[in-house]
Amino acid sequence: MKKIILSVAACLFAVSAFAQLNIGFGYHGELHDFKDTKDSKTEHYDMHGAYVGASYNFCLTGDDGFGIAPGAYFSFAGDIEDKIFTRHTSVDIPVHLTYSFNAGPGLFFAYAGPAFSVGINFKQKWMGDNPGTDDVLIDWYKKDVGILSRFDLKVGLGIGYSWEHLLFNAGWEFGALNRYTKDFVQLTPGSSYHLHSFHAGLAYVF
């Protein structure tokens, strides 16, 4: 029993010895795909903003090779069109499988894996056309609205390069779930709403 405990402790120490904390920020974009009926054409709109967050990369095979990188990221995106101001904030919690190899003075890496996404708010503000007209503010995640779900399961993939204490990465996150609520889909069969995101940014490696 003592040998087993020591072996497990040695493995944990070996993994932690090749673990890296990354804290980063950068550009965050969103692509919203939706259709309101089964036969309607899919429509798109995009928003742009920023993200900030951190991940912890556990290198399973030493300095390079395979690893696992759980993390947490906060993102904001917004857009103004035809006097309608839209803003969306969310938190993504990815668990990525990574693979890295030596390339020049640093490490090139690629990653893929799932991410659990939680929307914080998704607000649209219609600004009044005439003086004295009240603005209209709607949060599509509110229960009394009942159209969009806060939750999504995304599939992410991307690439990056790490050198010394700097890390650059870029990637896509594809929303796998229909974000329209069940009640809305029952009213309009065949409707769908998918939210995809993409990013590019820098991180500091501790």
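Quick look at the structure, then. Computed from a predicted structure; not experimentally measured. (Residues numbered from 1 in each chain as written. Predicted model: local features only at pLDDT ≥ 70, side-chain atom pairs only at ≥ 80, totals over all residues. Heavy atoms only, no water.)

Some points on the pairing of strand β9 (residues 192-205)
- By the criterion of burial, β9 is predominantly enclosed, with ten of the 14 residues buried.
- Relative to β9, strand β1 (residues 19-35) is paired through 14 bridges, and the arrangement is antiparallel. Looking at the pairing, His 32 lines up with Leu 195 of β9. (Buried < 20%, exposed > 50% of the residue type's maximum accessible area, 1.4 Å probe, protein only. Helix = DSSP H or I, 4+ residues; strand = E, 2+ residues; numbered from the N terminus. Pairing = 2+ DSSP bridges.)

Structural notes on the environment of Met 47
- By secondary structure assignment, the location of Met 47 is in strand β2 (residues 43-59).
- Met 47 gets classed as buried once you look at its relative accessible area, which sits at 0%.
- Considered as a pair, Met 47 and His 88 are 41 residues apart in the sequence and their alpha carbons are 8.7 Å apart.
- Excluding residues that lie within four positions of it along the chain, Met 47 makes contacts with His 28, Gly 29, Glu 30, His 32, Ala 77, Gly 78, Asp 79, Thr 86, His 88 and Phe 122. (Contact = heavy atoms within 4.5 Å.)

Section: the environment of Tyr 161
- Mapped onto the fold, Tyr 161 is located in strand β7 (residues 151-163).
- Judged by relative accessible area, Tyr 161 falls into the partly exposed class, the value being 29%.
- Sequence separation of Tyr 161 and Asn 102 is 59 residues, and the distance between their C-alpha atoms is 9.8 Å.
- Aside from chain neighbours lying at most four places away, what touches Tyr 161 is Ala 103, Gly 104, Pro 105, Gly 106, Leu 107, Phe 108, Phe 109, Leu 166, Leu 167 and Phe 168.
- Side-chain polar atoms of Tyr 161 contact the backbone oxygen of Ala 103, separated by 2.4 Å. (Polar contact = N/O pair within 3.5 Å; in protein donor to acceptor, adjacent residues only side chain to side chain.)

Some words on the pattern of salt bridges
- Counting across every chain of the model gives two salt bridges.
- Residues Asp 92 and Lys 154 are paired through a salt bridge, measuring 3.5 Å at the closest nitrogen-oxygen approach. Taken together, the positions of Asp 92 in strand β4 (residues 84-103) and Lys 154 in strand β7 put the pair 62 residues apart, joining distant regions of the chain. The pair formed by Asp 92 and Lys 154 is uniform in burial state, with each residue classed as buried.
- With a closest N to O distance of 3.2 Å, Arg 179 and Asp 152 form a salt bridge. Of this pair, Arg 179 sits in the loop between β8 (166-175) and α2 (182-187) while Asp 152 sits in strand β7, and the two are 27 residues apart along the sequence. (Salt bridge = Lys/Arg side-chain N within 4 Å of Asp/Glu carboxyl O.)

Details of the packing of aromatic side chains
- Under the definition given, this model contains 15 aromatic pairs.
- Here the aromatic rings of Trp 172 and Phe 198 are separated by 4.8 Å at their centres, their planes lie at 40°, and the arrangement is tilted. With a gap of 26 residues between them, Trp 172 in strand β8 and Phe 198 in strand β9 connect regions that are remote in the sequence.
- Look at Trp 172 and you get partly exposed, because its relative accessible area is 35%. (Phe/Tyr/Trp six-rings, centres within 6.5 Å; stacked < 30°, edge-to-face > 60°.)

Focus on the environment of Pro 70
- Note on placement: Pro 70 falls in strand β3 (residues 65-81).
- The exposure class of Pro 70 is partly exposed, given its relative accessible area of 29%.
- Remark: the alpha-carbon pair of Pro 70 and Asn 57, spanning 13 residues in sequence, is separated by 6.9 Å.
- If sequence neighbours within four positions are ignored, Pro 70 has contacts with Ser 55, Tyr 56, Phe 58, Pro 94 and Val 95.

A few points about the nonpolar core
- In terms of nonpolar packing, the biggest core is built from eleven residues, these being Phe 34, Met 47, Ala 77, Phe 122, Trp 140, Tyr 141, Ile 147, Leu 148, Tyr 180, Phe 184 and Tyr 193.
- Formed by five residues, the second largest nonpolar core is a distinct cluster that contains Phe 109, Tyr 111, Leu 167 and Ala 203. (Core = buried A, V, L, I, M, F, W, Y, C linked by side-chain atoms within 4.5 Å.)

So, unusual backbone geometry
- For Asp 82, which is not glycine, the phi dihedral falls at a positive 50°.
- Unusually for a residue other than glycine, Glu 164 sits at a positive phi of about 55°.
- With respect to the element layout, Glu 164 can be found in the loop between β7 and β8.

Some words on a nonpolar patch on the surface
- Taken together, the side chains of Leu 60, Phe 66, Ile 68, Val 95, Leu 97, Tyr 99 and Phe 101 define a hydrophobic patch exposed on the protein surface, amounting to about 620 Å² of accessible area.
- Contributing elements (two or more residues each) for the nonpolar patch: β3 and β4.
- Take the nonpolar patch: its biggest share by element is four residues, from β4.
- The topology assignment puts Ile 68 in strand β3. (Patch = residues over 30% accessible without salt bridge, like charges linked within 9 Å, V, L, I, M, F, W, Y side chains within 5 Å. Areas by Shrake-Rupley, 256 points an atom, 1.4 Å probe, with all protein chains shown as cover.)

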